[in-house]
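Next come the chains, spelled out residue by residue.
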Amino acid sequence: MKKGGYWSIISLEEKHTCAGDPTGRNKSANKYFVCDWVKDRLKTTTGKVIPKQGQIKEDFFTQTNIDIPYQTAWKERNLVLESQYGNYEESFNNVPTFCNMVTKTNDGSVAIYTYAQDDDRFESMTICFATALQGFKDGCRPVIGLDACHLTGKHGGVLMAATTLDAQNGLVPLRIMVCRAETKENWTLFLQHLAPHITDHKCPITFISDRQKGLHEAVPAVFGKTPHIYCYRHLSKNFKKKFKGYELQSHLWNAAKCYKEAFFLKTWNF
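What you see is a predicted model, and the numbers here were worked out from it, not measured in a lab.

## Observations regarding the pattern of salt bridges
Here is step 1: Per the counting criterion, the structure on display carries 7 salt bridges.
Here is step 2: A salt bridge links Asp67 to Lys57; its shortest N-O distance comes to 2.7 Å. Taken together, the residues span a long stretch of sequence, with Asp67 in the loop between α2 (53-64) and α3 (70-85) and Lys57 in helix α2 at a distance of 10 residues.
Here is step 3: A salt bridge links Glu217 to Lys184; the nearest nitrogen and oxygen atoms lie 3.7 Å apart. Highlighted residues: Glu217 in helix α8 (residues 213-223) and Lys184 in helix α7 (residues 184-198), separated in sequence by 33 residues.
Here is step 4: Here Lys184 falls in the partly exposed class, since its relative accessible area comes to 39%.

## Points about helix α1 (residues 31-43)
Here is step 1: With 13 residues, α1 extends 19 Å between its outermost C-alpha atoms, agreeing within 8% with the 18 Å of an ideal straight helix rising 1.5 Å per residue.
Here is step 2: Along α1, the residues classified as buried are Val34, Cys35, Trp37, Val38 and Leu42. Seen along its axis, α1 keeps its buried residues to an arc of 165°; they face one direction. Within α1, the exposed residues directed more than 90 degrees away from the buried face are Tyr32 and Lys43.
Here is step 3: Contacts from the buried residues of α1 go to α2 and α3.

## Things to note about the packing of α2 against α3
Here is step 1: Between α2 and α3, the least distance of the axes is 8 Å, while the angle of their chain directions is 110°. By the angle class used here, α2 and α3 are roughly perpendicular. The chirality of how α2 crosses α3 is right-handed. Contacts between α2 and α3 involve Gln53, Gly54, Ile56 and Lys57 from the first element and Tyr70, Ala73, Trp74, Glu76 and Arg77 from the second.
Here is step 2: Residue composition of the contact of α2 with α3, grouped by class: 4 nonpolar, 2 polar and 3 charged.

## Here we look at the nonpolar core
Within soluble globular proteins, side chains that are nonpolar tend to cluster in buried spots.
Here is step 1: Ranked by internal contacts, the top residues of the largest apolar core, which has 27 residues, are Ile144, Leu146, Trp187, Phe190, Leu191, Ile198 and Phe207.
Here is step 2: At the level of secondary structure, the elements contributing two or more residues to this core comprise α6 (130-139), β3 (143-150), β4 (158-165), β5 (171-179), α7 and α8.
Here is step 3: In terms of residues, this core owes the most to one element, α7, which gives 6 residues.
Here is step 4: The residues contacting Ile198, other than those within four sequence positions of it, are Leu133, Phe136, Ile144, Ile205, Phe207 and Phe223.
Here is step 5: Among the nonpolar cores identified, the runner-up in size contains 13 residues, and Val38, Leu42, Phe60 and Ala73 belong to it.

## Structural notes on the environment of Asp40
Here is step 1: Looking at the secondary structure, you find Asp40 in helix α1.
Here is step 2: On the basis of relative accessibility, which here comes to 46%, the residue Asp40 falls in the partly exposed class.
Here is step 3: C-alpha of Asp40 to C-alpha of Asn65: the two residues are 25 residues apart in sequence and 18 Å apart in space.

## Looking at the packing of α1 against α2
Here is step 1: One way to put it is that α1 packs onto α2 with a least axis distance of 12 Å and a crossing angle of 85°. One element, α1, and the other, α2, form an angle in the roughly perpendicular class. On the side of α1, the interface is formed by Phe33, Val34, Trp37, Val38 and Arg41, while α2 contributes Ile56, Asp59, Phe60 and Gln63.
Here is step 2: Its residues assigned to classes, the contact of α1 with α2 comprises 6 nonpolar, 1 polar and 2 charged.

## Some details on the environment of Arg180
Here is step 1: Along the chain, the position of Arg180 falls in the loop between β5 and α7.
Here is step 2: Setting aside residues up to four positions removed in sequence, Arg180 forms contacts with Ala116, Arg121, Phe122, Glu123, Gly157 and Val158.
Here is step 3: From its side chain, Arg180 meets the backbone oxygen of Phe122 in a polar contact 3.4 Å long.

## Here's the deal with the packing of aromatic side chains
Here is step 1: The final tally for this structure, using the stated rule, is 10 aromatic pairs.
Here is step 2: Ring geometry for Tyr259 and Phe263: centres 6.3 Å apart, planes at 90°, overall edge-to-face.
Here is step 3: Relative accessible area serves as the criterion here: at 70%, Tyr259 is assigned to the exposed category.
Here is step 4: Chaining the aromatic ring pairs together yields one cluster made of Phe92, Tyr113, Tyr115 and Phe122.

## Structural notes on a nonpolar patch on the surface
Here is step 1: Together, Trp7, Ile9 and Leu12 make up a nonpolar patch on the protein surface, roughly 420 Å² of accessible area in all.
Here is step 2: On the secondary structure map, Ile9 appears in the segment before α1.
Here is step 3: With a relative accessible area of 61%, Ile9 lands in the exposed category.

Parameters at a glance
- Residues numbered from 1 in each chain as written.
- Predicted model: local features only at pLDDT ≥ 70, side-chain atom pairs only at ≥ 80, totals over all residues.
- Heavy atoms only, no water.
- Salt bridge = Lys/Arg side-chain N within 4 Å of Asp/Glu carboxyl O.
- Helix = DSSP H or I, 4+ residues; strand = E, 2+ residues; numbered from the N terminus.
- Buried < 20%, exposed > 50% of the residue type's maximum accessible area, 1.4 Å probe, protein only.
- Expected span 1.5 Å × (residues − 1).
- Arc of directions from axis to C-beta.
- Contact = heavy atoms within 4.5 Å.
- Axes fitted to C-alpha atoms, helices over the stretch in contact; angles between N-to-C directions.
- Parallel < 35°, antiparallel > 145°, perpendicular 65-115°, else oblique.
- Left-handed = near helix turned anticlockwise from the far one by under 90°.
- Nonpolar A, V, L, I, M, F, W, Y, C, P; charged D, E, K, R; others polar.
- Core = buried A, V, L, I, M, F, W, Y, C linked by side-chain atoms within 4.5 Å.
- Polar contact = N/O pair within 3.5 Å; in protein donor to acceptor, adjacent residues only side chain to side chain.
- Phe/Tyr/Trp six-rings, centres within 6.5 Å; stacked < 30°, edge-to-face > 60°.
- Patch = residues over 30% accessible without salt bridge, like charges linked within 9 Å, V, L, I, M, F, W, Y side chains within 5 Å.
- Areas by Shrake-Rupley, 256 points an atom, 1.4 Å probe, with all protein chains shown as cover.

Distances and angles like these do not, on their own, reveal function.
This is the structure:
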């Protein structure tokens, strides 16, 4: 074999006695193989929604009778997402181009971004469309909701938003900001950039938010004594932790929906 450079089969045992992988897995079913399998399914699937990891694992087992680890399904899903939408690093590198496109195609709109001075890492991006601001001044209610949500992508961060209501109770986003964390400093910067665009509304403005510490301090710091009220959902959630019983919770709701002071005092001092 060593001299001739070839090999030959001497004997063959036709009866297979190997138990194989007791978990029913196959090493060939790696993340790249499963990724191609999902792409082929998306070509014929209505809606073309990329399934979650658990659904991929279940569907793959149903069709192939091979049980893949959850981690493989998770890696595969990331590969499919990157093939369709690009990876996170490329997206962050395209932030300057995206902001430039927003300002060029939407006259009067604001799109700014910041990077760290020491290592050029992304810090924040703020977008504010001129049409939404003009609609707020012309016909939206003088109520602005402030809130933030955590981003669950590879690099995390938060999305801050200022939202108002039009005459048909439709949501109108006035300004959004992507940054690293929900802090007093970021909220103050967010509101300082928002203030020049909303202060000339024809009616006094009221802010509504949860009781997040940074936001609780940033609103009076930027807008002074402008009314700042709190979301009933968050108040009710904290109220239920301390006060049990339907009667007290019912009085809280009745007091919250009162639109006259006399009715509020009557409900509050029951």
